[in-house]
Amino acid sequence: MAVSKAQQKAVAKYEAKKYDKTLIRLEKGRLNEIKAHAEGQGESLNGFIVRAVDETIERDNGAK
């Protein structure tokens, strides 16, 4: 089923309001390694990255 232009616009508007976005640069091949790991944990790539960041911040804050 094709997505209409109006639906694409609505999704883009929602995402711009709801989420911050960033770009990460990885060495060639690293993305596939990270995706495979995330899938092995039953997570999406985004979910894995968010969890990794959250856990690192929590660990770093606990070390102070």
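Below is a short write-up of the structure. (Residues numbered from 1 in each chain as written. Predicted model: local features only at pLDDT ≥ 70, side-chain atom pairs only at ≥ 80, totals over all residues. Heavy atoms only, no water.)

1. Observations regarding the overall build of the protein chain
A tally of regular secondary structure across the protein chain gives three helices and zero strands. Going from N to C terminus, the protein chain has its helices and strands arranged as α-α-α. What you see for the protein chain is a C-alpha radius of gyration of 16 Å, clearly larger than the 11 Å of a compact globule of 64 residues, by over 25%. Counting only C-alpha atoms and orienting by the principal axes, one finds that the protein chain spans roughly 50 × 30 × 25 Å. Across the 64 residues of the protein chain, 5% fall into the buried class. For the protein chain, the computed accessible surface area is about 6,300 Å², with 53% contributed by carbon and sulfur atoms. (Helix = DSSP H or I, 4+ residues; strand = E, 2+ residues; numbered from the N terminus. Rg over C-alpha atoms; globule rule 2.2 N^0.38 Å. Buried < 20%, exposed > 50% of the residue type's maximum accessible area, 1.4 Å probe, protein only. Areas by Shrake-Rupley, 256 points an atom, 1.4 Å probe, with all protein chains shown as cover.)

2. Structural notes on the environment of Ile34
Summarising the element assignment, Ile34 is placed in helix 2 (residues 30-40). Given the relative accessible area of 17%, Ile34 is considered buried. Put simply, Ile34 and Leu45 are 11 residues apart on the chain and 7.4 Å apart in space, counted from C-alpha to C-alpha. Sequence-distant contacts of Ile34, that is, excluding residues within four places in its chain, are made with Leu26, Leu45 and Phe48. (Contact = heavy atoms within 4.5 Å.)

3. A look at the pattern of salt bridges
Per the stated rule, a full pass over the model turns up five salt bridges. Of the charged contacts, one joins Arg51 and Glu55 as a salt bridge, the two residues approaching to 3.2 Å between their closest N and O atoms. One end of the pair is Arg51 and the other is Glu55, both in helix 3 (residues 45-62) and four residues apart, which spans about a single turn. Between Asp60 and Arg59 there is a salt bridge; the shortest N-O distance is 3.7 Å. (Salt bridge = Lys/Arg side-chain N within 4 Å of Asp/Glu carboxyl O.)

4. Considering the environment of Ala52
In this structure, Ala52 sits in helix 3. Along the sequence, Ala52 and Tyr14 sit 38 residues apart, while their C-alpha atoms lie 25 Å from each other.

5. Considerations on a nonpolar patch on the surface
Judged by side-chain polarity, Ile24, Leu26, Leu31, Ile49, Val53 and Ile57 come together as a nonpolar surface patch covering roughly 470 Å² of accessible area. Here the nonpolar patch takes three residues from helix 3, the largest share from any one element. Along the chain, Leu31 turns up in helix 2. (Patch = residues over 30% accessible without salt bridge, like charges linked within 9 Å, V, L, I, M, F, W, Y side chains within 5 Å.)

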